[in-house]
Amino acid sequence: RKVSERERERERKMAAAAHEREEVVLLSEQPEWSDVQPIPQCEGVEPVVQILYDKEYSDAMGLLRAVMRRGELSQRTLHLTSVIIFMNSAHFTVWEFRRCILHSLNSKREWISELDFMKEVNSMNTK
């Protein structure tokens, strides 16, 4: 059976609506992050142009600011950078922090895994 473009569009809309109804658990609400208080983006008193990030991205970036402030270089911060890079692969600060984490962990296995990670990110966003 050949699916029409109209049917495909209807299925996409239904999937998007179902996704919106799903309750998302933020990273900061997960037990492994209970010891970290996210630091919100400082927009100033009257921001000229406020960027409206989605909740998941804002939450992850709040955690990142907190762990960067306290200098935490660990497996969980490496995972956090992966999550953020999949949301925004052009965030150079996150890539640099990730490099510092990998250097601190000093694991050949992690560096080899990093090559696979970079291939995956590149395949998703080839620019």
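That block above? That's the structure.
Here is a short report on the structure shown in this document. (Residues numbered from 1 in each chain as written. Predicted model: local features only at pLDDT ≥ 70, side-chain atom pairs only at ≥ 80, totals over all residues. Heavy atoms only, no water.)

Some thoughts on the pattern of salt bridges
Using the criterion set out here, one finds seven salt bridges in the structure. Where aspartate 35 meets arginine 76, a salt bridge forms, and the shortest distance between an N and an O atom there is 2.9 Å. Here arginine 76 lies in helix α3 (residues 75-87) and aspartate 35 lies in the loop between α1 (5-21) and α2 (55-69), a separation of 41 residues in the sequence. One salt-bridge network, held together by shared partners, links Asp35, Arg70, Glu72 and Arg76. (Salt bridge = Lys/Arg side-chain N within 4 Å of Asp/Glu carboxyl O. Helix = DSSP H or I, 4+ residues; strand = E, 2+ residues; numbered from the N terminus.)

A few points about α3
Spanning 13 residues, α3 covers 19 Å between terminal C-alpha atoms, matching the ideal 18 Å at 1.5 Å per step. If you check which residues of α3 are buried, you get Thr77, Leu78, Leu80, Thr81, Ser82, Ile84 and Ile85. Check the buried side of α3 and you find it contacts α2, α4 (92-105) and α5 (108-124). (Expected span 1.5 Å × (residues − 1). Buried < 20%, exposed > 50% of the residue type's maximum accessible area, 1.4 Å probe, protein only. Contact = heavy atoms within 4.5 Å.)

Structural notes on the environment of valine 24
One can find valine 24 in the loop between α1 and α2. Residues in contact with valine 24, not counting those within four places in the same chain, are Glu29 and Glu56.

Re the packing of aromatic side chains
Scanning the model with the defined rule gives three aromatic pairs in all. Considering the side-chain rings of tryptophan 95 and phenylalanine 117, the 5.9 Å spacing of their centres and the 50° angle between planes classify their relative orientation as tilted. With tryptophan 95 in helix α4 and phenylalanine 117 in helix α5, this pair connects stretches of sequence that are 22 residues apart. Overall, tryptophan 95 belongs to the partly exposed group, its relative accessible area being 22%. By relative accessible area, which is 9% here, phenylalanine 117 ends up buried. The structure contains a cluster of three or more aromatic residues connected by ring pairs, namely Phe86, Trp95 and Phe117. Cation over ring: arginine 98 sits above phenylalanine 117, and NZ or CZ is 3.9 Å from the ring centre. (Phe/Tyr/Trp six-rings, centres within 6.5 Å; stacked < 30°, edge-to-face > 60°. Lys NZ or Arg CZ within 6 Å of the ring centre and 35° of its normal.)

What to know about the packing of α2 against α4
When two helices pack together, their arrangement is captured by the angle between the axes and the distance separating the axes. Remark: α2 packs on α4, axes separated minimally by 12 Å, with the N-to-C direction vectors making an angle of 45°. Judged by the angle between their axes, α2 and α4 are oblique. As α2 runs across α4, the sense of the crossing is left-handed. In contact with Met61, Leu64, Val67 and Met68 of α2, α4 contributes Thr93, Val94 and Phe97. (Axes fitted to C-alpha atoms, helices over the stretch in contact; angles between N-to-C directions. Parallel < 35°, antiparallel > 145°, perpendicular 65-115°, else oblique. Left-handed = near helix turned anticlockwise from the far one by under 90°.)

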